[in-house]
Amino acid sequence: MKISYNWLNDFIQTGKTPEELSGILTDIGLEVESLERVQSLPGGLEGLVIGEVKTCIPHLNADRLRVTTVDIGGGTLLPIVCGAPNVAVGQRVVVATVGTTVYPTAGEPFKIGKSKIRGEVSEGMICAEDEIGIGTSHEGIMILPVDAPVGTAAKDYFGVHDDFIFEIGLTPNRADAASHLGVARDIAAYLRSGYELPDIMSFTPGNHDALPVSIEDADACPRYSSVTISGVQVDESPQWLKDRLKAIGVRPINNIVDVTNYVLHELGQPLHAFDASKLSGNEVVVRKARPAEPFITLDGIERVLDEADLMICDAEKPLCIAGVFGGVHSGVTDRTTAVFLESAYFHPVSVRKTAKRHGLKTDASFRFERGTDPNITVFALKRAAQLITEVAGGHVSTTISDLYPAPIPPFTFDVRYAAVQRLIGKAIPESEIKAIIEALGITVLAETNDVLTVQVPPYKVDVTREVDIVEEVLRIYGYNRIEIKRQIKASLNTSPRPDKEVVQNQVADLLIGNGFREILSNSLTKMDYLDDADAAVRILNPLSTDLEVMRQNLLFSVLDTIAYNQKRKQVDLKLFEFGSTYRLDQELFLETQRLALAVVGKQDSQQWNQAPKPVSFYYIKAAVDALLRRLNITGFQATDAPESHYQYGLTYERGGKALVSFGAVNPQSLKKADVDGEVFYADFDWGSVLKAIRKNKITYREVPKFPAVRRDLSLLIDADVSFGKLKEIAEKSERKLLKSVSVFDVYTGDKLPAGKKSYALQFVLQDEEKTLNDKQIDAIVKKLIYNFEKETGAEVRK
C-alpha cells in the first residue's frame, strides 16, 4: 500500500521528516518496506527561474537567432542566444541556467552548459513548455503573465512539489489502516496528538427527493448511502488531483472517476459512480443475481453470475457487482451529465466470495473483503460530492438517501490492567495504558476495580477481545521498549529438556555457516503435491487451486523454490527450511514440525585453480551427519529411504522412529515441480530430533594417546545387501576396538557374476589403553570376515 507524505500532512502535521515518520510507522506495526522520493514533474523544475527579457537583437551571423539579455533577479543579467521566433523585449519567461538538467516531454534529459553560438556567448536557455516537461507545444518559448515575479524558482511558480511515498506492507488484519486517514489515526495515537478530517461544511444537499433504493439482502448490504449530482462535465482532472493519484500509483481516468479513487485512498471508503441517465425505472435495487444471469463488466468481459453474487441493479438489469467491479453499460463516459453516487457497506464474506469466484481483485474489493467502516459512508459521500462539484461543475440535485436498517454496534468488553501487563511482560503504568487505549479512538465506558469497560469502533475489525487490546497497546507503546529478561544459554544439553528455540537457532547457525540459506514457504499447496489425498487438510475457501490444501511434506515447497531460482539462472543452491506439515487422521488434525535440507548444482563457486564439484549423495549425508553430531545424537540405525520421494537414500532410525531420511529425489517429484538436474534432499522429523537430544548428555574423554590402525577388505556381495547392513554386522562383531567403518569404492559391472556387486570397506581400529599388535588385529579381521560370510554370503576378493 502506497501512502503519500504530503497527503498525510493534510490530516496531521507531525513536524517529522519522511525518514523519521518511516521509523515511527514501522514501530507501530505499519512496516515501511521502502521510502521513495517522487516529483510531479521529472526533475522537479530544479534550476529553472522566472526571468524578464531586457534586450533582444538579431544575431549578426544567423538569420533565425536572437541575442538577448535576461534578468533572472538579484541584479543578474544573462546573455542568452535564442532561436524562438516569438521572443521579445519585456516578456516574462522560464530560464534554465548553466548547470541545470532539463527534462523534456519527449526525449532524454540534457544539461545546460555555457557555450558560444555563431560567435555569441550564451549562458542559459529560454525554455519552451515541451523542453521542461510541462506541455507538448514547441511553437515557441513559453510566455508567462506580465506579473510573474522575476527571480522566482519555476518549481514554486508552477506549484511543483516533491513528495515522499511510503510503501507499507499492510497485514490482512489492519483494514482500518488501508487509507491515509487510517495511517494518520495511528500516527496521532503514537504522538498523542489530534488529526483533522477533510472539511465538508460546504456540502449542500439538493431539493429533489433521492432516487429510491431498496435492499433485498440486508445481511450482504447492511448500509447503502447515495446521492445524485447533476450538471457535471466529464473532463480531465485538474493537475493537483492527477498528481496526488499518480504519486501513489493510480492512473488518472477522468474527473468523476478520479474523485472516487481519491476518496477511497483518502478515507478508505470505496465509492462507485453511475451515469444517472442509464438507470432504468427510476430506482436502484440491491439484490442477489438471478441464476446464470449474464453481466458485462468494465473490462468488457461477459461473466455468468452466481446466485450468491450481490448486485446493484436498476428496475431492469444489473449495473454493478457490489463492492467488486462496475458494469460497462452504466459507467461514466464523456457524455455523462448526471452522476448517481454510491457509498455503501457490504459484508466482507459476501465480497470475498464473489471476488474469488470471478477472479477479480480491485482496490474496492481489497477493502470490503477486510472490512470497512460502516459509519463513514455518508461522510465519504459528502466529501466526494463536494469534490465532484469543484472539479466537474454541476450541483448536488437530491437529498442523501441512507438506508441503515440494523446499525452495526461497536465491540464492547472488559480489559484488565493486570492482563495487559502480564501478556506484555512489563508493568506499564495504568495511566499510560488507558491513555493509549483512548488515543486509539477506543472509548472507555467505565473503570472499576482495575478493569476497563471499553467500546471499540466497528472500523477496528480485528479488535474484539481483551487480547486484541493488549496487542494494540503494545504496538503503540513500542515493542522496542520491552526488555528481554531471559538469558539464552549457549549449551544445548545442560538441561534434560533443551529450549526448542535455542536448538533451532543453533542448528540454523550451523547450516548457514556451511553455506546453506534459510527459506520460508507457504503452508498451502496443491493436491498434486500431497502424499495421501485421503488425509488431506482442505481449505474451505481456497484462494486458488494451487493453494487448496495444507502441505503434507516440505519437499515440494523446497522444489518450488529451486525451480523459481533455476528459471532466474540461480542453479547452485543449498537451502533449508523449518516448517510444519499437516494431515487428517480420522477426525484429528495432526501438525508435525520438520526440517528440510536440499542441495542442487555445484558444491562451491567457480575458482581459478580448481573445477567446481557437483553435489552428491555424500554431500547431503555429510550435512545430516554434522547436524546430528552437533546435537549429540548417536545410536541410530540406517535403513533404506522410502521410495515415495527418493530414488535412493537412507533413513536413520532410533527406537523404531525415523529421525531423518535423505537421498536423491526421484525423477517423478522433480518433474512435478519442473526442476532440472539432480536434487539431494533431507527430511528431519524435528519433534523426534528434539526428543533424542533430551535423552543425551555431553560427555568428555581424553584424546587417545595410542595410534589407530586401518585395515581394508574387498567384498563380493549380493546386489541387495546395503552398506548399512555391513556396518551393523561389523559393529556387532567388535564393539570396543572398532571405531569407524566406511566404504571407499563400489564396483558393479559385467566382470562380476550376475546379481553381485563389490564393496571396498575401510575399518579403523584403536585401543585407547595400549598399542594394538598384529595378533589382535588379525583376530578382529578374521571375525569380521566370518560374520560377513555367515550373515550375507560375502566373499573376500583377493
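Presented here is an overview of the structure given in this document. (Residues numbered from 1 in each chain as written. Predicted model: local features only at pLDDT ≥ 70, side-chain atom pairs only at ≥ 80, totals over all residues. Heavy atoms only, no water.)

1. Focus on the sheet that holds strand β28 (residues 451-456)
Within the open sheet, the three strands sit side by side as β26-β28-β27. Their pairing is antiparallel. With one partner strand each, in any of the chains shown, β26 (411-416) and β27 (443-448) form the two edges of the open sheet. Within the sheet, the average angular offset between the axes of one strand and its neighbour, ignoring direction, is 20 degrees. The pairing of β26 with β28 spans six bridges and is antiparallel. Across the sheet, the residue bridging to phenylalanine 411 is valine 456, located in β28. Sitting on the sheet, helix α10 (residues 417-424) touches β26, β27 and β28, and the angle it makes with β26 is about 70 degrees. Sheet contacts for helix α11 (residues 430-439): β27 and β28; angle to β27, the most-contacted strand, approximately 155 degrees. (Pairing = 2+ DSSP bridges. Helix = DSSP H or I, 4+ residues; strand = E, 2+ residues; numbered from the N terminus. Axes fitted to C-alpha atoms, helices over the stretch in contact; angles between N-to-C directions. Contact = heavy atoms within 4.5 Å.)

2. Some details on empty space enclosed by the protein
In this structure the tally under the stated criterion is two cavities of 30 Å³ or more. Each pocket or cavity is described by its volume, and for the largest cavity that value is around 130 Å³. Forming the walls of the largest cavity are 14 residues, and the residues nearest its centre are Ala175, Asp176, Leu267, Gly268 and Asp373. Along the lines of polarity and charge, the residues of the lining of the largest cavity split into six nonpolar, four polar and four charged. Put simply, the second largest cavity is a space of about 50 Å³. (1 Å grid on protein atoms, 1.4 Å probe; cavity = no way out; pocket = protein on both sides within 12 Å on 5 of 7 lines; lining within 4 Å. Points joined across faces, edges and corners; volume = space filled by probe spheres on them. Nonpolar A, V, L, I, M, F, W, Y, C, P; charged D, E, K, R; others polar.)

3. Overview of the packing of aromatic side chains
This model, assessed by the stated rule, comprises 17 aromatic pairs. Taking the centre distance of 6.3 Å and the plane angle of 90 degrees together, the rings of tyrosine 5 and phenylalanine 164 count as edge-to-face. Linking tyrosine 5 in helix α1 (residues 5-11) with phenylalanine 164 in strand β13 (residues 162-168), this pair joins segments that are 159 residues apart in sequence. On the basis of relative accessible area, tyrosine 5 is assigned to the buried category, the value being 14%. Residue phenylalanine 164 is classed as partly exposed on the basis of its relative accessible area of 22%. When the centroid spacing of 5.7 Å and the interplanar angle of 90 degrees are considered together, the rings of tryptophan 240 and tyrosine 262 count as edge-to-face. Of the two residues, tryptophan 240 is situated in helix α5 (residues 239-247) and tyrosine 262 in helix α6 (residues 255-267); the sequence distance between them amounts to 22 residues. (Phe/Tyr/Trp six-rings, centres within 6.5 Å; stacked < 30°, edge-to-face > 60°. Buried < 20%, exposed > 50% of the residue type's maximum accessible area, 1.4 Å probe, protein only.)

4. Focus: the pairing of strand β21 (residues 318-321)
Here strand β20 (residues 310-313) pairs with β21 via three bridges, running antiparallel. Following the sheet pairing, methionine 311 is matched in β21 by isoleucine 321. Adjacent in sequence and paired antiparallel, β20 and β21 are bridged by four residues. With two bridges joining them, β21 and strand β22 (residues 325-326) adopt antiparallel strand pairing. Considered in β22, the bridge of cysteine 320 is made with glycine 326. Count of turn residues in the β21/β22 antiparallel hairpin: three residues, of which glycine 323 carries a positive phi of about 75 degrees.

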